[in-house]
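Tertiary structure, described
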Amino acid sequence: RELTAADYAYSFKRILDPAVKSPWLWLLDGKLVGGDEARAQAQKAGRFDYDAPLPGLEVVDRHTLRIRLKAPDYRFPYALAVQNLGAMAREVVDAYGNDIGAHPVGTGPYKLGEYRRSARIVLEANPGYRESTYVPAGPVPAALQPVAAAMKGKRLPFVGRIEIQIIEEGQARWLAFLNRELDFLDILPREFTEQALVDGRLKPDLAAKGIVHATLLRPNTYWTYFNMKDPVVGGYTQEKIALRRAIGLGYNVDEQIRVIAKGRAVPAPSPIPPDIAGFNPKFRSTAQRYDPAAARALLERFGYIDRNGDGYREAPDGKPLVLERWSTPDSGARQGDELWKKNMDAIGLRMEFRKDKLPELRKMARLGKIPMRGDGWNADYPDAENFMQLLYGPNAGQENQAQFDLPEFNQLYDKARTLPDSPERTALFDRMTELMLAYAPWRLTVHALEDSVRHGWVRHHVPHPIRSQVWKFVDVDTAARTK
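A brief structural summary. (Residues numbered from 1 in each chain as written. Predicted model: local features only at pLDDT ≥ 70, side-chain atom pairs only at ≥ 80, totals over all residues. Heavy atoms only, no water.)

Considering the overall build of the protein
Using the following cut-off: To qualify as a helix, a DSSP run of H or I must reach at least 4 residues; to qualify as a strand, a run of E must reach at least 2; elements of each kind are numbered from the N terminus. By the convention used here, residues are in contact when the closest approach between their heavy atoms is within 4.5 Å. Per-residue accessibility takes into account occlusion by the displayed protein chains alone, with areas from the Shrake-Rupley method and a 1.4 Å probe. Positive charge is attributed to Lys and Arg, negative charge to Asp and Glu, and no charge count is given to His or to the chain ends. Charged side chains are reduced to one point each, which is NZ for Lys, CZ for Arg, CG for Asp and CD for Glu.
When helices and strands are tallied, the protein shows 17 helices and 19 strands. Referenced to the eigenvectors of the C-alpha coordinate spread, the extents of the protein come out at roughly 70 × 65 × 45 Å. The contacts in the protein between residues at least 6 apart in sequence include a share of 68% that link residues at least 24 apart. As displayed, the protein offers around 23,900 Å² of accessible surface, 53% of which is attributable to carbon and sulfur atoms. Once the 69 positive and 62 negative side-chain charges of the protein are each reduced to a mean point, those two points are 2 Å apart.

This is the structure:
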């Protein structure tokens, strides 16, 4: 059926519904007139009244939704473009309930043809998709003008069927690509960087086979977070802060870049990656350095001492001290575990490792059940707010997986939300970064480079700096593929 303004109003209310427990509540939380009151009423009544009027969401007519905000929000148009605020049909949600994620219904270029969890997704061109042709959104860089010229005026999408294979192990993905079983790898497995690239460029023998390589410094940041509510690594007292900072000083990011990332990353001095609003290229701090001697001294100063001579330190109260870090059960994560263990052994901290698949880890993290874990974030929109919300206190239980809640940080974040991009606003983000480094809910690691490879028969594939899937623009030369 036709998409209407009421579908958007319903979908936004669903984000606000406490029963949904949406991790994307931060996109609307505290912003819509009447939104907080509606959530409070739902918590009191035990159900959200989707049919009750909400002043912040007025369905003017079938195709017009009027949104009223409590205060100016210069980033709100970005929020509306985030896919998690896309429209959902109420009758579809009612039909599928909590399994709605496996039954998407929309108006986009593709519909779901097949879905096998953790294995395979098939997209089929939507016969009801609106008339849409390629038109450049702005000036086209010189290097990409041939691609734009080839697509100009053509009907979208190009491909009628897309098969997405979900292959967790990097070796299996790489071999499937080399065997021409996969048309392209949107992210080259790190452990095969040296087999594919030399000095950051595709190896000549692969280029001779028609393989094409692209590199993107997507706005991203990676870190290891500490659960601030955990009894071992959490807390805001001096000895807990000292423990986290010592862990950070004892971790060698340069070795991570060299050994694990195969040189395809740069150190992250700030949560905010380059090339987005609020980034300060002049920001510097020594808090993120690798200095195991300083780490050992800091631990000694705050009472983390090896009392029984086994080579590992006990807590200041003399009780055993064990750091618990969670990660995924794949070869890349195992390499990361080995580096962490080596680095922590060197400063006398015992570390143990727990494993689970990524979806489960994220559920556990939002519930505050993981003491330490490595994570990262790709920008949903090109603004520092999108990264700082990961440390904003009210977002604990959503994407603030460190459960960090510092009043001064929260106040600075609230103030930054009201300002346009400016030196004044960037200075607020600098101060927020300083607070993050001081209290150490994160050990920042890298901004990662993303390498993609595709066979020459895949046409018009240009990595997007924000969106990771741009299926409707991709074309395949089937004749070349079968040669």
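Observations concerning the packing of helix 9 (residues 238-249) against helix 16 (residues 423-439)
Stated precisely, the cut-off is as follows: Inter-axis angles, ranging from 0 to 180 degrees, are taken between N-to-C directions of lines fitted to C-alpha atoms, where helices are fitted over the stretch in contact. For classification purposes, angles smaller than 35 degrees are called roughly parallel, those larger than 145 roughly antiparallel, those between 65 and 115 roughly perpendicular, and all remaining angles oblique.
Here helix 9 crosses helix 16 at 95 degrees, and the two axes come no closer than 8 Å. By the criterion of interaxial angle, the relationship of helix 9 to helix 16 is roughly perpendicular. The segment helix 9 lies against helix 16, with Ile241, Arg244 and Arg245 engaging Leu437, Ala438 and Tyr439.

Thoughts on unusual backbone geometry
Note that the residue after leucine 156, namely proline 157, is joined by a cis bond; omega there is 0 degrees. By the element assignment, proline 157 lies in the loop between helix 5 (145-151) and strand 5 (161-165). Positive phi is not limited to glycine here, since arginine 180 has a value of about 65 degrees. Tracing the backbone through its elements, the reader meets arginine 180 in the loop between helix 6 (170-178) and strand 6 (184-185). A positive phi is found at aspartate 199, a non-glycine position, where the angle reads about 55 degrees.

Remarks on the nonpolar core
For soluble globular proteins, nonpolar side chains are generally found buried alongside one another. In plain terms, the rule: Buried Ala, Val, Leu, Ile, Met, Phe, Trp, Tyr and Cys residues form a nonpolar core when they are joined through side-chain atoms within 4.5 Å. Burial classification: accessible surface area is computed with a 1.4 Å probe over protein chains only, and a residue below 20% of its type maximum counts as buried, one above 50% as exposed, and the rest as partly exposed.
Residues Leu27, Leu28, Phe409 and Trp442 are the most contacted members of the largest nonpolar core, which totals 61 residues. In this structure leucine 27 touches Phe76, Ala79, Val82, Leu85 and Tyr381, once residues within four positions along its chain are discounted. Judged by nonpolar contacts, the second largest core, of 27 residues, contains Ala246, Tyr251, Leu349 and Met351.

Side note on the side chain of histidine 213
Heads up, the rule is: Any pair of nitrogen or oxygen atoms within 3.5 Å is treated as a polar contact; in protein, a donor-acceptor pairing is required on top of that, and neighbouring residues in sequence qualify only through side-chain atoms on both sides.
Take histidine 213: it is sitting in strand 9 (residues 212-216). At a separation of 3.1 Å, a polar atom in the side chain of histidine 213 contacts the side chain of threonine 215. Of note is the side chain of histidine 213, whose polar atom sits 2.8 Å from the side chain of aspartate 451. Aside from chain neighbours lying at most four places away, what touches histidine 213 is Leu197, Gly200, Arg201, Leu202, Asp451, Ser452 and Val453.

Notes on the environment of leucine 419
One can find leucine 419 in the loop between helix 15 (407-417) and helix 16. Spatially, the C-alpha atoms of leucine 419 and proline 72 are 8.4 Å apart, while their sequence positions differ by 347 residues. Those residues within four positions of leucine 419 in sequence are excluded, and the remaining contacts are Tyr74, Arg75, Glu424, Arg425 and Leu428.

Points about helix 6
Just so we agree on the cut-off: The directions from the helix axis to the C-beta atoms form the arc being described.
Within the sequence span of helix 6, burial applies to Gly170, Trp174, Ala176 and Phe177. End-on, the buried residues of helix 6 take up no more than an arc of 165 degrees, which puts them together on one face. On the buried face of helix 6, the contacting elements are strand 6, helix 7 (193-196), helix 8 (204-207) and strand 17 (450-454). Where helix 6 ends, the next residue or the one after it, arginine 180, has phi of about 65 degrees, a positive value.

Observations regarding the sheet that holds strand 6
The pairing of strands in a sheet happens through backbone hydrogen bonds and is either parallel or antiparallel. So the rule is basically this: Note on pairing: DSSP must find at least two bridges between two strands before they are called paired.
The sheet built from three strands is open, its strands ordered 6-17-9 with antiparallel pairing. The two strands at the open ends of the sheet, each matched to only one other strand, are strand 6 and strand 9. Relative to strand 17, strand 6 is paired through two bridges, and the arrangement is antiparallel. Bridge pairing in strand 17 links phenylalanine 184 to arginine 454.

Side note on the pattern of salt bridges
What counts, and what does not: Take a side-chain nitrogen of Lys or Arg and a carboxyl oxygen of Asp or Glu: if they are within 4 Å of each other, that pair is a salt bridge.
Applying the stated criterion across every chain, the model contains 35 salt bridges. Between arginine 350 and aspartate 310 there is a salt bridge; the shortest N-O distance is 3.1 Å. Here aspartate 310 lies in the loop between helix 11 (292-301) and strand 12 (322-327) and arginine 350 lies in strand 13 (residues 350-355), a separation of 40 residues in the sequence. We classify arginine 350 as partly exposed; its relative accessible area is 29%. A salt bridge links arginine 459 to aspartate 475; the shortest N-O distance between them is 3.0 Å. Taken together, the residues span a long stretch of sequence, with arginine 459 in strand 18 (residues 458-459) and aspartate 475 in strand 19 (residues 475-476) at a distance of 16 residues. Classification of arginine 459 as partly exposed rests on a relative accessible area of 33%. Look at the salt bridges and you will find they share partners, linking Glu114, Arg116, Arg120, Glu124, Arg161 and Glu163 into a network.

Examining the packing of helix 10 (residues 253-260) against helix 12 (residues 331-346)
Using the following cut-off: Crossing handedness follows the turn of the near helix against the far one: under a right angle anticlockwise gives a left-handed crossing, and clockwise gives a right-handed one.
Helix 12 packs onto helix 10 with a crossing angle of 150 degrees between their chain directions and a minimal axis gap of 11 Å. When the axis of helix 10 is compared with that of helix 12, the two are roughly antiparallel. Seen from above, helix 10 lies across helix 12 with right-handed handedness. The segment helix 10 lies against helix 12, with Glu255, Gln256, Val259 and Ile260 engaging Gln335, Gly336, Leu339, Lys342 and Asn343.

Thoughts on the sheet that holds strand 14 (residues 372-378)
With mixed pairing, the five strands of this open sheet are ordered in space as 13-12-14-10-15. Because the sheet does not close on itself, it has two edges, and the strands there are strand 13 and strand 15 (442-444). In this sheet, neighbouring strand axes are inclined to one another by 30 degrees on average, regardless of whether the strands run parallel or antiparallel. Pairing geometry for strand 12 and strand 14, over two bridges, is parallel. The residue of strand 14 that forms the bridge with arginine 325 is methionine 372.

Some words on the environment of proline 53
Structurally, proline 53 is set in the loop between helix 2 (35-45) and strand 1 (57-61). Note: C-alpha distance between proline 53 and arginine 117 (64 residues apart in sequence) is 38 Å.

Section: helix 11
Residues Pro292, Ala295, Leu298 and Leu299 constitute the buried set of helix 11. The buried side chains of helix 11 occupy one side of the element, clustering within an arc of 120 degrees when seen end-on. Just downstream of helix 11, glycine 303 is the residue with a positive phi angle, here 90 degrees.

Worth remembering: the numbers are spatial, not functional.
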